[in-house]
Amino acid sequence: MAKKICILALITILFSLSSPWIEPAVASLPNGNRLKDPYAILRNSLPIDQKELRELQNKLEETSDDLRGSRWSAVSKATSRSQFLVSNKKNQILDSIPEENKEKAVNLLSNLKEELDELGQIANEKNKVSFLNLRRQSLKTIDDLESLLITNNFPYKIPSEYDNLPRLLGRANVEIKTSKGTMSAIIDGYNAPLTAGAFIDLSLKGFYDGLPINRAEEFFILQTGDPKGEEIGYLNPDSNELRKIPLEIRTRSLEDTIYGETFEDIGLYTETPILPFATLGTLGWAHSDSDLNDGSSQFFFFLYEAELNPAGRNLIDGRNAAFGYVIEGSEILNKLGVDDKIISIKVLNGSENLNLKA
């Protein structure tokens, strides 16, 4: 009997050595950007590198998970760390601010200190609603501080072949009035200057006013911007030719913005763009199936559903350019359909960042 057991054991060992190792199957959701808050995405996409402010921002943002689990000791610890950064790293933050913005920065840091002190008290009281409201204000103050770090020099190179196209060298706020209600959006020219520039230029021209929603796919997109008549986009009045905006995407792994190529084209199969399609109301630029660079005026609202369209695996990231986010009123998107229309798009601020050409 012992001899048989030894033989079986030997056979088992030899079989194991000769058989290829198979990794155990692990069930998991696809990788992707977990951020769904448009404000947080926009904060993280700013072209800045100030470690104290970034840590301060991240500490406050990370309290979301702890709040959901009612882990108030962790919330208090994160709040205390934020208070420490404002009090003890104030000089490092101010040293990184351009001289012309230092006075504004001093006032904002003073306001932020008061907000964080109050936030600490609320954390001790374990008042979730009050904590969320004041945290939102504190993060807005951090937004304002981070914006002071940006100089007038545009941080990225735009290829000279696009010198005749408009570009938004910064950000703009717009009001999008529809037949079902009004939304507010931030348009990001830092990471999509040509796409954002075309959108703001057309908005200022009143191009979108009165145009219908011409495509509506449930849980996917709402598209508009198709002008009346046979044309599919905006005709340049000087040449009477269709103005074409190239596909334009930035990623953290490459120094230069990608123009005219998808992530798949250049082998970035699992990359997440700096401006991901990761939240309800992401604004995307439309192009035809046959040409990545023939987008002219049509854009869409992304109807984010985490289970159906996870960030980084949604077939739009890396194939279309995102250029902004709806920050208020995104719930209206779930009410819109092909029987609705854009009443008007009004540029509230940031039009001074628009250059009609290089």
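Before any of the text, the structure's been laid out above.
The structure contained in this document is the topic of the report that follows.

Reading the values: the criteria
Residues numbered from 1 in each chain as written. Predicted model: local features only at pLDDT ≥ 70, side-chain atom pairs only at ≥ 80, totals over all residues. Heavy atoms only, no water. Phe/Tyr/Trp six-rings, centres within 6.5 Å; stacked < 30°, edge-to-face > 60°. Pairing = 2+ DSSP bridges. Helix = DSSP H or I, 4+ residues; strand = E, 2+ residues; numbered from the N terminus. Axes fitted to C-alpha atoms, helices over the stretch in contact; angles between N-to-C directions. 1 Å grid on protein atoms, 1.4 Å probe; cavity = no way out; pocket = protein on both sides within 12 Å on 5 of 7 lines; lining within 4 Å. Points joined across faces, edges and corners; volume = space filled by probe spheres on them. Nonpolar A, V, L, I, M, F, W, Y, C, P; charged D, E, K, R; others polar. Buried < 20%, exposed > 50% of the residue type's maximum accessible area, 1.4 Å probe, protein only. Polar contact = N/O pair within 3.5 Å; in protein donor to acceptor, adjacent residues only side chain to side chain. Contact = heavy atoms within 4.5 Å. Expected span 1.5 Å × (residues − 1). Core = buried A, V, L, I, M, F, W, Y, C linked by side-chain atoms within 4.5 Å.

Let's talk about the packing of aromatic side chains
For any pair of aromatic rings, geometry is given as the distance between the ring centres together with the angle between the planes. Summed over the entire model, instances satisfying the criterion amount to 15 aromatic pairs. With centroids separated by 5.4 Å and ring planes inclined at 90°, the aromatic side chains of Phe 207 and Tyr 208 adopt a geometry described as edge-to-face. Taken together, Phe 199, Phe 207, Tyr 208, Tyr 234, Trp 285, Phe 299, Phe 301 and Phe 323 form an aromatic cluster joined through their ring pairs.

Topic: the sheet that holds strand 5 (residues 221-224)
What the 8 strands build is an open sheet, ordered 4-5-11-10-12-3-2-13; its pairing is antiparallel. In this open sheet, the two edge strands, each paired with only one partner strand, are strand 4 (215-217) and strand 13 (342-349). Adjacent strand axes in the sheet meet at a mean angle of 25° when their direction is disregarded. Across 3 bridges, the pairing between strand 4 and strand 5 is antiparallel. Residue pairing for strand 5: Glu 217 is matched across the bridge by Ile 221.

Quick notes on empty space enclosed by the protein
Per the counting criterion, the structure on display carries 2 cavities of 30 Å³ or more. Roughly 60 Å³ of internal volume is contained in the largest cavity. Lining the largest cavity we find Asn 191, Glu 248, Ile 249, Arg 250, Pro 273, Ile 274, Leu 275, Phe 277, Asn 320, Ala 321 and Ala 322. Listing elements by their share of the lining of the largest cavity, those giving two or more residues are strand 8 (248-249) and strand 12 (321-328). Residue composition of the lining of the largest cavity, by class: 7 nonpolar, 2 polar and 2 charged. Roughly 40 Å³ of volume is contained in the second largest cavity. For the second largest cavity, the full set of lining residues is Thr 195, Ile 245, Pro 246, Leu 247, Trp 285, Ala 286, His 287, Leu 292, Gly 295, Asn 320 and Ala 321.

Points about the side chain of Thr 251
The residue Thr 251 is located in the loop between strand 8 and strand 9 (258-259) in this model. Here Thr 251 falls in the buried class, since its relative accessible area comes to 1%. A polar contact of 2.4 Å, which involves the side chain of Thr 251, links it to the side chain of Glu 271. For Thr 251, the residues in contact, after removing those within four places along its chain, are Ile 258, Phe 263, Leu 268, Glu 271, Thr 272 and Ile 274.

Thoughts on helix 9 (residues 193-204)
For helix 9, which comprises 12 residues, the first-to-last C-alpha distance of 16 Å matches the rise-based estimate of 16 Å (1.5 Å per residue) to within 8%. Of all 12 residues in helix 9, 11 are buried, a share of seventy percent or more. Within helix 9, burial applies to Pro 193, Leu 194, Thr 195, Ala 196, Gly 197, Ala 198, Phe 199, Ile 200, Asp 201, Leu 202 and Ser 203.

Overview of the nonpolar core
The biggest cluster of nonpolar side chains holds 45 residues, and the ones touching the most others in it are Phe 199, Tyr 208 and Phe 301. For this core, the elements supplying multiple residues, two or more each, are strand 2 (171-178), strand 3 (181-188), helix 9, strand 9, strand 10 (282-285), strand 11 (299-302), strand 12 and strand 13. If one sorts the elements of this core by residue count, helix 9 sits on top with 6 residues. In contact with Tyr 208, not counting residues within four places along its chain, are Phe 199, Leu 202, Ser 203, Gly 225, Trp 285, Ser 297, Phe 299, Ile 342 and Ile 345.

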